2 protein chains.
Amino acid sequence: MSKGEDVVLLDFWASPFCMRVKIALAEKGVSYEAREEDLIGGKSELLLKSNPIYQKVPVFLHNEMPLCESTVIVSYIDETWASPPLLPPCPYGRAQARFWADYVDKKLFDAVRDVVLSKGEATEAAKKELIEILKVLEGALGEKDFFVGKAFGFVDILAIAVSSWFLAAEKLGNFQVEAEFPKISGWIKRCMQKESVAKIIPDPEKILEFALMMRKMHGIDH
Amino acid sequence: MSKGEDVVLLDFWASPFCMRVKIALAEKGVSYEAREEDLIGGKSELLLKSNPIYQKVPVFLHNEMPLCESTVIVSYIDETWASPPLLPPCPYGRAQARFWADYVDKKLFDAVRDVVLSKGEATEAAKKELIEILKVLEGALGEKDFFVGKAFGFVDILAIAVSSWFLAAEKLGNFQVEAEFPKISGWIKRCMQKESVAKIIPDPEKILEFALMMRKMHGIDH
């Protein structure tokens, strides 16, 4: 990082969207200050001012210029700090990466959340949807080590962050990613061998505890 | 276009997502073959094979390499044919464009469609949502001629295509974009002065007719 550069992340430890930004910064070797937001007690003035549309973490501030939405932020990080590139060099490869990034964005976390924050028939419906999504991703991965291109990159960052919630979804949805999706399971292991991922992804048991607390807050469990 | 280049669009005239691709190609001066899909009678084998995930138009084939999802395709067109650039040159400007592109993608067409394909209280709720979205976009536009940067670009292409359905939403939702959103109204006029837009956007009355036909197909009107 150049001297005098100011990189701040308005963060929340259990948010997969914040994890994406932190993994991207770790990949690029960028130092930053993570400020943990109190999402329950009250969001910071800086968060509300910097993200008036969604009022959500992550907010990324580069020399005080704010950016919101994790996928937009990861693209910005990739364009601002060149090495290692997170997107393939050719336009067609980049487009394929953006297609799968968009698929992950539209589908994966919402399905995980719907399994985690539901009960009874709603959980069964959400689980069915999540399994369909994981089947598509298993097919997209195929025999490759990573989603697009030969190296860990853009789509892997977006998806591995969401995988931090898989244990919670497995326990609450009563299924097993490892048993049913061997390719995704192998991909998670490969990603976790990377220091940039291993040091950012929280202990899945802690995410499960957090999910159980959220279920109580939402009146799903008593 | 270089000799021997093969650019094909699997198209549907009333789809704002297809219009986006056609406007981007017109901006870049790229010749292409548009093949109208029969979405009611039966989609082509090429469509089903090229877009197995969503089975939707637009599908873009560049030298037979398929791409899906309009925003991904417009990005690819921008990176493949350099002039004029659709995104700003600096990473921060590009990130702002991607933020608003994402906002338009997540919100605008769904709200328009929900007004057009509903009745009674559901229409009122959808109209309220659409008006909130238009207020946000009115604010994002501010005193600028176009959404991001000084020239017509990425966000303008995504949003102007959706505006082709505004007349249908106005008639079926009983409100007026022009009266309530002067900045959006001025922006639409500026965009329509561009040949790349004017020659692609269909007559809004035809879109209204199509919307009325869809309402009958969906059992909303009899």
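Residues numbered from 1 in each chain as written. Chains lettered and ligands numbered in written order. Predicted model: local features only at pLDDT ≥ 70, side-chain atom pairs only at ≥ 80, totals over all residues. Heavy atoms only, no water.

An unreviewed UniProt entry lists chain A under the name glutathione transferase, with Manihot esculenta given as the organism. Check the Catalytic activity (unreviewed entry) section of the UniProt entry for chain A; it says "RX + glutathione = an S-substituted glutathione + a halide anion + H(+)". (UniProt positions renumbered as here; feature names shortened; annotations may be inferred.)

Let's talk about the packing of aromatic side chains
Counted by the stated rule, this structure contains 30 aromatic pairs over all chains. For the pair Tyr-54 of chain A and Phe-99 of chain B, a centre-to-centre distance of 5.8 Å together with 70 degrees between the ring planes defines the contact as edge-to-face. Of this pair, Tyr-54 of chain A sits in the loop between α2 (45-50) and β3 (59-62) while Phe-99 of chain B is found in helix α4 (residues 91-116), placing the two residues in two different chains. The same class applies to Tyr-54 of chain A as to Phe-99 of chain B, namely buried. Of the aromatic side chains, those joined through ring pairs into one cluster are Phe-12, Trp-13, Phe-17, Phe-109, Trp-165 and Phe-210 of chain A. (Phe/Tyr/Trp six-rings, centres within 6.5 Å; stacked < 30°, edge-to-face > 60°. Helix = DSSP H or I, 4+ residues; strand = E, 2+ residues; numbered from the N terminus. Buried < 20%, exposed > 50% of the residue type's maximum accessible area, 1.4 Å probe, protein only.)

Quick word on the confidence of the model for chain A
Parts of the model with low pLDDT should not have their predicted coordinates read in detail. Mean pLDDT for chain A: 96, with 98% of residues reaching 70 or above. As scored by the predictor, the complex reaches a pTM of 0.96 and an ipTM of 0.96. (pLDDT = per-residue confidence, 0-100.)

Examining the state of the cysteines
Taken as a whole, this structure holds zero disulfides over all chains when the rule is applied. For Cys-18 of chain B, which is in no disulfide, the shortest distance to another cysteine sulfur is to Cys-68 of chain B and amounts to 11 Å. Looking at Cys-18 of chain B, the relative accessible area reads 0%, which means it is buried. The thiol of Cys-90 of chain B is unpaired, and the distance to the nearest cysteine sulfur, on Cys-68 of chain A, comes to 16 Å. (Disulfide = S-S within 2.5 Å.)

A look at the interface of chain B and chain A
Opposite the 25 residues of chain B that make contact, chain A presents 24 residues. For the pair chain B and chain A, the summed buried area comes to about 2300 Å², and 68% of that belongs to carbon and sulfur atoms. Taken as a group, Glu-79, Tyr-92 and Phe-99 of chain B account for 27% of the area that chain B buries against chain A, more than any other trio of residues on that side. For the salt bridge of Arg-94 of chain B with Glu-79 of chain A, the shortest nitrogen-to-oxygen distance reads 3.0 Å. Scanning the region where chain B abuts chain A turns up eight residue pairs in polar contact (both at pLDDT 80 or more). Among the elements of the structure, β4 (65-68), α3 (70-80) and α4 of chain B are those that each provide at least two residues to the side of chain B that touches chain A. Here the side of chain B that touches chain A takes 12 residues from α4 of chain B, the largest share from any one element. The class makeup of the residues in the side of chain B that touches chain A is 15 nonpolar, three polar and seven charged. (Contact = heavy atoms within 4.5 Å. Buried area = accessible area lost by both parts, 1.4 Å probe. Salt bridge = Lys/Arg side-chain N within 4 Å of Asp/Glu carboxyl O. Polar contact = N/O pair within 3.5 Å; in protein donor to acceptor, adjacent residues only side chain to side chain. Nonpolar A, V, L, I, M, F, W, Y, C, P; charged D, E, K, R; others polar.)

A look at the relation of the copies chain B and chain A
Mapping chain B onto chain A is achieved by rotating through 180 degrees and translating by 0.0 Å along the same axis, at an RMSD of 0.0 Å. Seen this way, the second copy is the image of the first under a two-fold rotation axis. The C-alpha atom lying nearest the rotation axis in chain B is that of Lys-106 of chain B; the distance is 4.5 Å. Most of the interface of chain B is mirrored in chain A, where 96% of its interface residues are also at the interface. (Least-squares fit on C-alpha atoms with pLDDT ≥ 70 in both.)

A closer look at the packing of helix α7 (residues 166-173) of chain A against helix α11 (residues 204-217) of chain A
Residue and element names in this part refer to chain A. α11 packs onto α7 with a crossing angle of 55 degrees between their chain directions and a minimal axis gap of 8 Å. One finds that α7 runs oblique with respect to α11. In terms of crossing hand, the pair formed by α7 and α11 is right-handed. Of α11, the residues touching α7 (which contributes Leu-167, Ala-168, Lys-171 and Leu-172) are Pro-204, Glu-205, Leu-208, Ala-211, Leu-212 and Arg-215. Classifying every residue of the contact of α7 with α11 gives seven nonpolar, no polar and three charged. (Axes fitted to C-alpha atoms, helices over the stretch in contact; angles between N-to-C directions. Parallel < 35°, antiparallel > 145°, perpendicular 65-115°, else oblique. Left-handed = near helix turned anticlockwise from the far one by under 90°.)

Things to note about the sheet that holds β3 of chain A
Residues and elements named next belong to chain A. Strand order in this open sheet of four strands is β2-β1-β3-β4, and the pairing throughout is mixed. One side of each edge strand has no neighbouring strand; the edge strands of this open sheet are β2 (33-36) and β4 (65-68). In this sheet, neighbouring strand axes are inclined to one another by 20 degrees on average, regardless of whether the strands run parallel or antiparallel. Of the strand pairs in this sheet, β3 and β4 are connected by four bridges, and their pairing is antiparallel. Of the residues in β4, the one forming a bridge with Val-59 is Cys-68. This element, helix α3 (residues 70-80), spans β3 and β4 of the sheet and lies at about 130 degrees to β4. (Pairing = 2+ DSSP bridges.)

Digging into the domain arrangement of chain A
Residue and element names in this part refer to chain A. Structurally, chain A comprises domain 1 (7-80) and domain 2 (91-218). Summarising the inter-unit geometry, the C-alpha centres of domain 1 and domain 2 are found 20 Å apart. Residue-level contacts link 17 residues of domain 1 with 24 residues of domain 2. Taken over both partners, the interface formed by domain 1 and domain 2 buries close to 1800 Å², and the fraction arising from carbon and sulfur atoms is 77%. In terms of surface lost to domain 2, no three residues of domain 1 exceed Trp-13, Arg-20 and Ile-23, which account for 33% of the buried area on that side. Where domain 1 packs against domain 2, one counts two salt bridges. A salt bridge links Asp-105 to Arg-20; the nearest nitrogen and oxygen atoms lie 2.8 Å apart. Where domain 1 meets domain 2, there are five residue pairs in polar contact (both at pLDDT 80 or more). The set of elements that each furnish at least two residues to the side of domain 1 that touches domain 2 consists of α1 (16-28) and α3. Considering each element in turn, the side of domain 1 that touches domain 2 owes the most residues, nine residues, to α1. (Domains from an automatic or database assignment.)

Concerning the pattern of salt bridges
Should their charged atoms come close, side chains of opposite charge can pair. Evaluated as defined, the whole model comprises 33 salt bridges over all chains. Two residues, Asp-221 of chain A and Arg-215 of chain A, come together in a salt bridge whose shortest N-O distance is 2.7 Å. The class for Arg-215 of chain A is buried, based on a relative accessible area of 6%. Put simply, Lys-28 of chain B and Asp-78 of chain B hold a salt bridge, and the shortest N to O gap is 2.7 Å. Taken together, the residues span a long stretch of sequence, with Lys-28 of chain B in helix α1 (residues 16-28) and Asp-78 of chain B in helix α3 at a distance of 50 residues. As far as the burial class goes, Lys-28 of chain B and Asp-78 of chain B line up, both buried.

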